[in-house]
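Here is how the chains run, residue by residue.
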Amino acid sequence: MKNGWKYSLCGALLSLSASFAQAQDFSGKRITMIIPYQEGSGSTIHGRLYAMALEKTLPGNPTIIIKNIDGGGSVRGINQFQKEAKPDGLTIAAIATGTFFQYILKDKAVAYPLPEYKPFLTSPFGLLVYARTDLGLGDDPVENVKKLISSPTVYGGSGPTSSDLPALLSFDLLGIKEKGVYGLSNAESRAGFERGEFNLKYDNAASWNEEVKPLVDEGVAKPIFTFGFEKDGKIVRDPMLPEVPTFLELYEKIHGKPLSGIEYDVWKALFNVRVMGSKMLVLPADTPKEIVDIYSKAAEEAQKTDVLQSAQAKLVLSVYPQSVGAASEEVFKGGLGMTEEQQAWLRKWLLDRHGITLSE
Amino acid sequence: MDFSVLQNAGPALVHLLTGPHLLYLLVGAGLGMIVGILPGIGGIAGLAMVLPFIFGMQPEPALAVMVGLFAVTATADTFSSVLIGVPGGAGTAATVLDGFPMTKRGEAARALSAAFAASFIGGIVGAFILTFAFVAARPILLAVGFGEQLMFIVLALTLVGMLTGQNAVKGLASCSLGLLLGTIGSSQATAEYRFTLDTIYLSDGIPLVIVALGAFALPEVVDVMRQQGGSIAQKALVGEGWITGIRDVIKNFWLVIRCSLLGSLIGVLPGLGGGVVGWISYAHTVQSSKDRSEFGKGDVRGVIGPESANNAKDSADLIPTLFFGIPSSGSMAVFMGGLVVIGITPGRDMVTNHVDLIYLIIWSLAISNVLGTAISMILARPIASLTAIRFVLIAPFIIVMIFMSAYQAKIDWGDILALLVVGVVGIYMKRFGWSRAALLIGLVLSQRLESSLYRTVQIYGMEIFERPIAIGVLVLAMLSIGYAMRSKVRTSGGNMEPTHISRINIWPQVAFTIALLLFAIAVGVDATQYKFLASIFPLTVAAITAILLLITTIRMLRGSKVPGLFLDADAEMAAEDSTSKSTLYIAGLLAALPALAYIVGFVIAAPIYVFFFLRKIAGASILFSLLLALGLLAFILMANYVFQVPFAPGYLREYITMPEPFG
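Cut-offs used in this document
- Residues numbered from 1 in each chain as written.
- Chains lettered and ligands numbered in written order.
- Predicted model: local features only at pLDDT ≥ 70, side-chain atom pairs only at ≥ 80, totals over all residues.
- Heavy atoms only, no water.
- Helix = DSSP H or I, 4+ residues; strand = E, 2+ residues; numbered from the N terminus.
- Rg over C-alpha atoms; globule rule 2.2 N^0.38 Å.
- Buried < 20%, exposed > 50% of the residue type's maximum accessible area, 1.4 Å probe, protein only.
- Contact = heavy atoms within 4.5 Å.
- Areas by Shrake-Rupley, 256 points an atom, 1.4 Å probe, with all protein chains shown as cover.
- Core = buried A, V, L, I, M, F, W, Y, C linked by side-chain atoms within 4.5 Å.
- Domains from an automatic or database assignment.
- Expected span 1.5 Å × (residues − 1).
- Phe/Tyr/Trp six-rings, centres within 6.5 Å; stacked < 30°, edge-to-face > 60°.
- Buried area = accessible area lost by both parts, 1.4 Å probe.
- Salt bridge = Lys/Arg side-chain N within 4 Å of Asp/Glu carboxyl O.
- Polar contact = N/O pair within 3.5 Å; in protein donor to acceptor, adjacent residues only side chain to side chain.
- Nonpolar A, V, L, I, M, F, W, Y, C, P; charged D, E, K, R; others polar.
- Pairing = 2+ DSSP bridges.
- Axes fitted to C-alpha atoms, helices over the stretch in contact; angles between N-to-C directions.

K.L.:
Got a sec to walk through the overall build of chain A? Specific residues and values, please.
P.N.:
When its secondary structure is counted, chain A shows 15 helices and 13 strands. Rg of the C-alpha trace for chain A: 21 Å, near the compact-globule value of 21 Å for 360 residues, within the 12% margin. If you line up chain A on its principal axes, its C-alpha atoms span 70 × 45 × 35 Å. Burial statistics for chain A: of 360 residues in total, 60% are counted as buried. When contacts within chain A are restricted to residue pairs at least 6 apart in sequence, those whose partners lie at least 24 apart make up 77%. With the model as given, the accessible surface of chain A reaches about 13900 Å², and the carbon-plus-sulfur share is 52%.

Structure (structure tokens):
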């Protein structure tokens, strides 16, 4: 640290003529991690955690600086990443659900070629939908969903084109006709839920113990379903909440047949983004394979560091398996795998159900 | 009520005073002082900076560092608001209204010590409230739903009535314009982009801090610069002012307590937000004072009220954060991130399992307030003496600081562009006597008003009028309007008495009013293309704004004698002192910095700008100018390296690769 700044100046001057060979050692370098959400957000906590671990496992132990650039559902930060990052491994970005959705929905502000980015780490996060017991909910999950279908439900969240999209699609596929109040932060909607102004909500399953379980214990809320978790190509129950049925299980029980056809394909594509690829770290387009490999290896080793083994890290990452390198590339592709036809279906659904016309 | 939790208070204090905790608290407070006084770095950056270091620490020392840091930042913020008229944050803009005029009068030390003493009491009251919040916080959270929040926002809005300035129509138009500015960006209900001019920068609206800097800091700098050769303090410094400041606080003790309670209350209530605290308490101070003639011209009560409330609010902010895991401000969100880093989840878990930590936080708050006040008081006199220096010598640094602070808002060139645009409007608003306080209050409340209106209609509809708390607050709001209408003296923070000179050439004033009118119409027309939920609010506000502006235009054209209608501060000043420089010339001087930065980047542009400014405008020697420019460069590099402050990149970077942070 003492000579850090001299090094960084010299290092940076050298990099004027640097070739990729030199980039394999990051000693004395400062790496910028762009996080396209606010300071204090879930993505920032996740990104900072990994930054601390990667500082220890990247060759040369560089310093990683966090730069929060929020706005436009992550579009502003990633646009800036696209504009500024060179393929030298000195700038990385945290991307999240919003980055994918704005890309898939072809938001006209998007100026980044998402498929060209090189992911080296993926953190999945399960989702849990829950509702207030004063709707008359009991212990039978199927009966509870039927109750939600027949009762006037009010949902508070951030909006249909945000990371709420998979949850709202799931509600509709089940036949729940919730009234939506949008533009709320998670904290605001939780407060509204506690007051009874909203009676339907979902949360990160990782926050089950701290946020949702107390409400369930007090008898205020009941878990309805989780999104499940993909294991060896199959969607199984969430490892965090194995006693709660998945959306697909409930869909089959309510409708008498499993979800299939284009509805399934769209739902699965959104699931890939929202659950399996919930938070990712990426390198810019055209980053040479050697650098991507260095990062993948560092992310692999990071798992064993005391940072990620700590109790605090477990609170953030929960029980979900982290994927690095090729495995995270796989998840990344899964998130982008929506066909033109499926995109068109989704756009029509947004228009029909939520009256949203997307600009092209 | 169960007060048994209070038994944890004693052991927590012992814990804090023994062992290394006090040391950690001192480290935190020291850091907080530095980031608070240094321009462009606030509590958020300071907290974010220490996060990596507290990882893996025991919760107790980690909390001591964090609490020490953010508790004194708010106190240290006051320096720039009072001394140079640059609001330390959007929340402290109210302090500028009377603090800066006091500085101009040579009473900087008095203003500062009054501010510090007031904020000390505010901090202690806040910590005290926090102690008992266990019992009341949950019922409050459950009782204040979106409907009640709406009524509280309406109540806050009615306080504008006291801050319109002499001409109520112009003042209300300013507030309306603020509301209208707040509708820019994506609509909460439908996520449609409104009046963003197809830029992604505006998609989340205009940052509050940009408007605070543009409406207050730039016009003040321009004003002081006109009197070339002068210092900020236009009269000799009043010695021993700091004792007078403390006496002022003692004399207005009940005002301090009232404003502290007000600040705590706003911190506890969900939905109002911190930005408005300073203004609400300022309006309350004006409302509850008998002699109002000096407000806006340097009344010490105008400093005491907002400062005590602001610091009390900072402590109260912890209540929703700690007890419900609902961060009420940016720095609280970072603080929450810090709690997660040390393995504590705020919310129910904290209240049931970590009561000892909560008391540790409360005591840390109280002690850091003592520390922060003591350090600030010691620094007050030497720093206040800077205001006696020839202004042209410090002006370039203030200009650098304003642009540097602005760029921290979104780390985007749009910040600087927006600051210039708002700055020009702010300069003319000041010149022609439009209430900038009302503008800022409108902007602070706009999004909250619209969203709580929408939520209330969706959730309650007309049933809102069946909820007793909502009705109670609404009645209060009506009383507040009635009071403002009856009141004879209303301030706006302007300090100019118009004479016949302001009426000689009315055309610039008419033109400015029409320009504002065109803006309101443009936003209104733009709004018509959106869905009902996204268009109803901006359309309504645009219509009200347009009507108010139309009334003003017609009155102006008819040469009406309504008080406060005409004011041309430039003409008044030119009549008094013919050597004063034109606004255009000074605006050009200001714009030279961003223009240069656009080409070579801010890091290189700022020292060059300072060098030439000192050399050409201030007539300093080459050596002196060079030394100060290099000093600035060293500061910038330090801020970039240690505090990771980003600076605006230049156009040249597209062609020449330069190391960070240059280019």
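K.L.:
Describe the nonpolar core, listing the residues and the values that go with them.
P.N.:
Counting 336 residues, the largest nonpolar core has M66, W279, F335 and F602 of chain B as the members making the most contacts within it. Considering every element that reaches this core, the biggest residue donor is helix 7 (residues 108-143) of chain B, with 18 residues. In this structure, this core is formed jointly by two domains, domain 1 (4-124 + 277-340) and domain 2 (127-273) of chain A, each of which donates at least three residues. Beyond its immediate chain neighbours, meaning those up to four positions away, M66 of chain B contacts L47, V50, L51, I54, F335, G338, L339 and I342 of chain B.

K.L.:
Tell me about helix 23 (residues 507-527) of chain B, and please be specific about residues and values.
P.N.:
All names here are of chain B. Between its first and last C-alpha atoms helix 23 spans 30 Å; for 21 residues at 1.5 Å apiece the expected length is 30 Å, and the two agree. Among the residues of helix 23, those classed as buried are Q509, V510, F512, T513, L516, L517, A520, V523, G524, D526 and A527. Check the buried side of helix 23 and you find it contacts helix 9 (168-182), strand 2 (193-194), helix 20 (413-431) and helix 24 (532-557).

K.L.:
Go over the packing of aromatic side chains, please, and point to the residues and values.
P.N.:
All names here are of chain A. Under the counting rule described, the total for this entry stands at 32 aromatic pairs over all chains. Summarising the aromatic geometry, the rings of Y103 and Y112 are spaced 6.1 Å apart at their centres and angled 25° between planes, so their arrangement reads as stacked. What makes Y112 buried here is its relative accessible area of 3%. Both rings, one in F120 and one in Y295, keep their centres 4.9 Å apart while their planes meet at 50°; by these two values the pair is tilted. Here Y295 lies in helix 11 (residues 289-302) and F120 lies in strand 4 (residues 118-123), a separation of 175 residues in the sequence.

K.L.:
Could you give me a rundown of the interface of chain A and chain B, with the residues and numbers involved?
P.N.:
On the side of chain B, 54 residues touch chain A, which itself brings 56 residues to the contact. Of the roughly 4500 Å² buried between chain A and chain B, counting both surfaces, carbon and sulfur atoms make up 59%. Where chain A meets chain B, there are 4 salt bridges. For R455 of chain B, the salt bridge identified is with E188 of chain A, shortest N-O distance 3.4 Å. Applying the counting rule to chain A against chain B returns 16 residue pairs in polar contact (both at pLDDT 80 or more). Going through the elements one at a time, helix 1 (4-14), helix 2 (42-57), strand 2 (63-68), helix 3 (75-84), strand 7 (179-181), helix 7 (186-195), helix 8 (208-217) and helix 13 (311-317) of chain A are the ones with two or more residues in the side of chain A that touches chain B. Of the residues in the side of chain A that touches chain B, the class split is 24 nonpolar, 15 polar and 17 charged.

K.L.:
With reference to specific residues and values, describe the sheet that holds strand 4 of chain A.
P.N.:
All names here are of chain A. One open sheet holds the 6 strands; their spatial order is 2-1-3-12-4-13, and the pairing between them is mixed. The outermost strands of the open sheet, each flanked by one partner alone, are strand 2 and strand 13 (323-324). Strand direction decides the pairing type here: strand 4 and strand 13, joined by 2 bridges, are antiparallel. Counted as the bridge partner of T122 is S323 from strand 13. Sitting on the sheet, helix 4 (residues 97-104) touches strand 3 (91-96) and strand 12 (279-283), and the angle it makes with strand 3 is about 80°. Running at roughly 15° to strand 4, helix 11 makes contact with strand 1 (30-35), strand 3, strand 4, strand 12 and strand 13 of the sheet.

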